[in-house]
Amino acid sequence: MAEGGEEPSSENLRIIVQSNPPQSQLDELGIKSWPKWGCSPGKYKLKFNAKQTCYLLRGRVKVYPKNSEGEVVEFGAGDLVVIPKGLSCTWDVSIAVDKYYKFDPPPSSS
């Protein structure tokens, strides 16, 4: 796939939120071995250059995708969230966030 140029279709840039996944799923993913990240309440403009999976230990976030038709996604403590590669958005953090996260490795080029 070529770099630069076209933006991916917003149809493919959906955030997936799974509330309160079972502990067995979290263990299988190995989230406790993932890096941790946190932020204070505030607004943050972010661009995800790789797919990110994260598990929120605490916090509350509303995500406003750039160029979206008002489709706001909200998640918080206890949610497992998958953020697609290529998403530009604003995170409106109402309660300070602590999360485990993992970026998917880029596909190997042949």
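Residues numbered from 1 in each chain as written. Predicted model: local features only at pLDDT ≥ 70, side-chain atom pairs only at ≥ 80, totals over all residues. Heavy atoms only, no water.

### Description of the nonpolar core
For clarity, the threshold we go by: Nine residue types can take part in a nonpolar core, namely buried Ala, Val, Leu, Ile, Met, Phe, Trp, Tyr and Cys, and a core is a set of them joined through side-chain atoms within 4.5 Å. Each residue is assigned to one of three classes by its accessible area relative to the maximum for its type, calculated with a 1.4 Å probe on protein chains only: buried under 20%, partly exposed between the two thresholds, exposed over 50%. Runs of H or I in DSSP of at least four residues are treated as helices and runs of E of at least two as strands, each being numbered from the N terminus. Contacts are assigned to residue pairs that have any heavy atoms within 4.5 Å of one another.
With 17 residues, the main nonpolar core has Val 61, Phe 75 and Trp 91 as its most contacted residues. Looking at this core, the elements with two or more residues in it are strand 4 (52-65), strand 5 (73-76), strand 6 (79-83) and strand 7 (88-103). In this structure Phe 75 touches Ile 15, Val 17, Leu 56, Arg 60, Val 61, Val 63, Val 81 and Trp 91, once residues within four positions along its chain are discounted. One finds Leu 26, Trp 34, Tyr 55 and Tyr 100 within the second-largest nonpolar core, a separate group that totals six residues.

### Regarding the packing of aromatic side chains
Counted only if it meets this: Pairing of aromatic rings covers Phe, Tyr and Trp, the last through its six-membered ring, and needs centres within 6.5 Å; plane angles under 30 degrees mean stacked, over 60 mean edge-to-face, and all others mean tilted. The rule for a charge over a ring is simple: NZ of Lys or CZ of Arg within 6 Å of the ring centre, and within 35 degrees of the ring normal.
A full pass over the atoms with the stated rule returns four aromatic pairs. Between Tyr 101 and Phe 103, the ring centres sit 5.7 Å apart and the planes meet at 75°, which makes this aromatic pair edge-to-face. One aromatic cluster is present, formed by Trp 37, Phe 48, Phe 75 and Trp 91 through successive ring pairs. The ring of Tyr 100 carries Lys 36 above its face, with NZ or CZ at 5.5 Å from the centroid.

### Examining the confidence of the model for the protein
Quick note on the threshold: Every residue gets a pLDDT, meaning the predictor's confidence in that residue, from 0 to 100.
Across the protein, pLDDT averages 88, with 82% of residues at or above 70. In this model residues 1-8 is a low-confidence stretch, pLDDT under 50, and it forms three contacts with partners more than four residues away in sequence or in other chains.

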